[in-house]
Amino acid sequence: MNPFNEKSVKIDKCVCDWRKLYPAAYDKNATDAYTKVRTILLNGTEFEENWFMHQLCRHTADNNLRRDVALLRALEQQQQKRISFFKPKDETILETTISYEQLAVDLTAVLAQTEKNKSVKAALDFALLEDFDHLYRFSDLLEMEHGISGEKLVCSYTEIMPGRPTIAEHRHPFDNVRKPIPHDAPLATKLHTMTITAAEQQTMNYYMNVGTFYQTSDIGRRLFLEIGSVEEEHVTQYESLMDTGTTWLECLLMHEYAECYLYYSAMNEETHDTARKIWSAHFEQELSHLHYAADLLKKYEKKEWQQIIPDAEFPPLLSFNDNCEKNKHYIRNVLKNTVSNTSVLEEYANINNVPDDYQYFKYNKAVNKNPSAVASHKVIDCYINEFGEDYRFTVSDHPVKTLRNRKEDNVDLGRIKED
C-alpha cells in the first residue's frame, strides 16, 4: 500500500468529541499481551509526534506555519489521549511496566531480524539484552511483592530470564552516541529508527513520571530510578541513529508516514475488537494528516512528497504475533554471543577487550559504589533470600552458562573483566 494514493477525509473532519476520546478500557485479565504492547507503542508514537511538532514551533518565527502545525498537533494529541485512556484504571504501575518491557524486547527483536543497516542492527541487538534484563528484574519484583506471574502477563510469548545485568549497563554518556544513518538510507531503516526511538522515549518518560508513585516498597522505587536511567541511555543511542539530513517539514512528513505504517500494521493483526476499531479509525485520520503534511511541505518548502519518499509503498508490516517464536530463538542467540559486550564510543566490544583505563570502568564504579546495594541486584537478592531461587519463565536452560545459577545474581558479567 502507498498511503499517498489513498483517499482521505478533510482535516477538520478528524476532530473527535469527548465520547470518542474516552473508549471502553480493555480488561487487564483477559486482554492479549500483544494488544497491550501495541497500545503502548502507538501511544509512544503519538507522543513523539506531538512533541516533535512542539519543537518545530519553537524553532520557527512564521506564525502561519505555527498555526498550521498547531492544528495538526491538536489532532495528534487527541489520538494520544484516546489510546492512553484505553488503559484500565485497575491496571497497576508494575503490571503496565511488564508490558512496557515486553514491548521493548519483542519490538527490538522484530526490527533487528529484518534490519539491513549493520550499525542500526548492532544497536538494536545491544539494547535488546538490556531491556530483556529489565523485564526479568521487574518480573521478580512483581511476583515477590504482588504474587502476580510475569509469565501470565506476557502470555508466555516472551521468556523471562537474566540478560546483560542491569548493573553493567551504566555507561559513560559518551559511549551512548552513535553515527546517524545516511540520508539515502532505505525506507525500512528510517522507519525502524523512528519507531524504536519513539518506543524507548515512551518507556523513559513513563519511568521518569511513575517511579515515584510506586507505593509498595522503597526497593521498587529505587528500581524504577535505576532502570529509568538506562532508558535515557537507550533514547540517546537510538535518536543519534536517526537521519539528520531532513528539514523540519520533511521530518514531519516522515513522522506522519510512520504513523500510517504502524496503525495499518496494528489493525491488520489486532484481535481485540475495540483496539482494532481504534487503530482503524486512527489510520483513516493519519491518511488525512499525511496529506496535510504533504501540503505543508509543498506550501512552505516548495517540495513534493515524492522527493522525500520516492517509493512510498509500505515495507512488510510490523507483526508481533507472527514473530513470537522467532524472537525467542533470536534473543537466545544474541545472548549467547554478545552478553558480555559494552559500547566504546560508536562501536561495541567484549568487556574483556576494553582497555583497563577506559572511561566505562571509572563511570560504572562511580555510579555503583556499593554493588550489593544497587536496586537491580537487590531485588533479585531479596527474592532469592525469600524463595530460595529467582523467578524465571524459560523454555529451556539459559543459553549463557554463567547465568544459569538461580540461587545467585551475577553482578560481574559485562562489567568486570574475567581473570
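Our subject is the structure listed above.
Bear in mind that the values here come from a model prediction, so they are computed numbers and not experimental data.

Participant: Tell me about the pattern of salt bridges, and name the residues and values.
Facilitator: Evaluated as defined, the whole model comprises 23 salt bridges. Of the charged contacts, one joins E130 and R164 as a salt bridge, the two residues approaching to 3.2 Å between their closest N and O atoms. You can see E130 sitting in helix α5 (residues 118-146) and its partner R164 sitting in the loop between α6 (150-153) and α7 (187-210), a full 34 residues away along the chain. For E130, a relative accessible area of 0% corresponds to the buried category. Assessed through its relative accessible area of 0%, R164 is described here as buried. Of the charged contacts in the structure, one is a salt bridge between E233 and R171, with a shortest N-O distance of 3.4 Å. Remark: R171 occurs in the loop between α6 and α7 and E233 occurs in helix α8 (residues 218-241); sequence separation between them is 62 residues. There is no split in this pair, since E233 and R171 are both buried. One salt-bridge network, in which partners are shared between bridges, spans E130, R164, R171 and E233.

Participant: Can you explain the packing of aromatic side chains? Please cite residues and give values.
Facilitator: Tallied over the entire structure, the rule returns 23 aromatic pairs. Each ring, one from Y264 and one from F283, has its centre 5.1 Å from the other, and the planes form 45 degrees; the classification is tilted. Of this pair, Y264 sits in helix α9 (residues 248-267) while F283 sits in helix α10 (residues 273-301); the two residues are 19 residues apart in sequence, bridging distant segments of the chain. Three or more aromatic residues link up through ring pairs in this structure, and these residues are F4, Y257, Y261, Y264, F283, W305 and F314.

Participant: Hey, could you go over the pairing of strand β1 (residues 341-344) for me, with residue numbers and the actual values?
Facilitator: Pairing of β1 with strand β2 (residues 347-350), which is carried by 4 bridges, proceeds in the antiparallel orientation. Bridged to T342 within β2 is A349.

Participant: Quick one: what's the story with the nonpolar core, residue by residue and with numbers?
Facilitator: Formed by 111 residues in total, the largest nonpolar core has its most connected members in F4, L107, L253, Y257, I309 and L318. By size, the runner-up hydrophobic cluster in this structure holds 6 residues, among which are A168, V354, Y360 and F361.

Participant: Tell me about the packing of α5 against helix α12 (residues 324-338), residues and numbers included.
Facilitator: At their nearest, the axes of α5 and α12 sit 10 Å apart, and the two run at 95 degrees to each other. In terms of orientation, α5 lies roughly perpendicular with respect to α12. Residues K121, D125, L128, L129 and F132 of α5 touch α12, and the partners they reach there are Y330, I331, V334, L335 and T338. Residues that form the contact of α5 with α12 fall into these classes: 7 nonpolar, 1 polar and 2 charged.

What counts, and at which threshold
Residues numbered from 1 in each chain as written. Predicted model: local features only at pLDDT ≥ 70, side-chain atom pairs only at ≥ 80, totals over all residues. Heavy atoms only, no water. Salt bridge = Lys/Arg side-chain N within 4 Å of Asp/Glu carboxyl O. Helix = DSSP H or I, 4+ residues; strand = E, 2+ residues; numbered from the N terminus. Buried < 20%, exposed > 50% of the residue type's maximum accessible area, 1.4 Å probe, protein only. Phe/Tyr/Trp six-rings, centres within 6.5 Å; stacked < 30°, edge-to-face > 60°. Pairing = 2+ DSSP bridges. Core = buried A, V, L, I, M, F, W, Y, C linked by side-chain atoms within 4.5 Å. Axes fitted to C-alpha atoms, helices over the stretch in contact; angles between N-to-C directions. Parallel < 35°, antiparallel > 145°, perpendicular 65-115°, else oblique. Contact = heavy atoms within 4.5 Å. Nonpolar A, V, L, I, M, F, W, Y, C, P; charged D, E, K, R; others polar.

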